[in-house]
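# Tertiary structure, described
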Amino acid sequence: MCVEKIRKICVGAFIVVGLACIFVERSNAPKEYTAVADGFNGDMKVTIVAKKNSRGEVRITDIKYNHEDTAAIADPAIDQLITKLKETQDISKVDTVAGATYSSEGFIEGCKACISQVE
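Report on the accompanying structure.

What counts, and at which threshold
- Residues numbered from 1 in each chain as written.
- Predicted model: local features only at pLDDT ≥ 70, side-chain atom pairs only at ≥ 80, totals over all residues.
- Heavy atoms only, no water.
- Helix = DSSP H or I, 4+ residues; strand = E, 2+ residues; numbered from the N terminus.
- Rg over C-alpha atoms; globule rule 2.2 N^0.38 Å.
- Buried < 20%, exposed > 50% of the residue type's maximum accessible area, 1.4 Å probe, protein only.
- Contact = heavy atoms within 4.5 Å.
- Areas by Shrake-Rupley, 256 points an atom, 1.4 Å probe, with all protein chains shown as cover.
- Lys, Arg positive; Asp, Glu negative; His and termini not counted.
- Charge placed at Lys NZ, Arg CZ, Asp CG, Glu CD.
- Phe/Tyr/Trp six-rings, centres within 6.5 Å; stacked < 30°, edge-to-face > 60°.
- Disulfide = S-S within 2.5 Å.
- Polar contact = N/O pair within 3.5 Å; in protein donor to acceptor, adjacent residues only side chain to side chain.

On a plain count of helices and strands, the protein comes out with three helices and three strands. The C-alpha radius of gyration computed for the protein amounts to 22 Å, which surpasses the reference 14 Å derived for 119 residues by more than 25%, pointing to a less compact arrangement than a globule. Across the 119 residues of the protein, 31% fall into the buried class. Put simply, 45% of the contacts in the protein that link residues at least 6 apart link residues at least 24 apart. Total accessible area on the protein is roughly 7800 Å²; 57% of this is exposed by carbon and sulfur atoms. Averaging the positions of the 15 positive and the 17 negative side-chain charges in the protein gives two centres separated by 15 Å.

Encoded structure:
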């Protein structure tokens, strides 16, 4: 009977520890941050998935966008900006793309606003 009691206590403890690990993992996971800035023809909505590392630096894992600009012009430019931002992890190193200046500026401003929200 004593072995059964010990087994139940151990199973209960493992469940509690497992749930605590899940909670800690989710609380430290990257979160989504969204901002809206002005594009060329309207709003530029930017969403980043990011978190701060142990040194307090923002680490961006994903970037999504939605805009009202001309897709054939804005999309290639924004894709370039996304690639640069993911590589450098520093919005100050990202500059506008010629031919899509207003779209680029809107995207960059949207990213800056999102990054300022990261906790």
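Continuing now.
Tallied over the entire structure, the rule returns two aromatic pairs. Seen in terms of ring centroids, Tyr 65 and Phe 107 are 6.3 Å apart; in terms of plane orientation they differ by 85 degrees. Their pairing is edge-to-face. In this pair, Tyr 65 is assigned in strand β3 (residues 58–67) and Phe 107 in helix α3 (residues 101–117), connecting sequence segments 42 residues apart.

This brings us to the state of the cysteines. Counted under the stated rule, the structure contains zero disulfides. Unpaired in terms of disulfides, Cys 10 finds its nearest cysteine sulfur in Cys 2, a separation of 11 Å. Note on Cys 10: relative accessible area 37%, which makes it partly exposed. Counting only cysteine sulfurs, Cys 114 is the nearest neighbor of Cys 111, a cysteine outside any disulfide, at a range of 6.3 Å. Residue classification places Cys 111 among the buried positions, given a relative accessible area of 0%.

All right, on to the side chain of Gln 89 then. Within the secondary structure layout, Gln 89 lies in the loop between α2 (71–88) and α3. Within polar-contact distance, the side chain of Gln 89 engages the backbone nitrogen of Ile 60 at 2.6 Å. Engagement of the side chain of Gln 89 in a polar contact is seen with the backbone oxygen of Lys 86, the distance being 3.1 Å. Beyond its immediate stretch of four places on either side in the chain, Gln 89 contacts Val 58, Arg 59, Ile 60 and Lys 84.

Another aspect to go through is unusual backbone geometry. Of note in the backbone geometry, Gln 89 takes a positive phi value of approximately 55 degrees without being a glycine. Judged by relative accessible area, Gln 89 falls into the buried class, the value being 19%.

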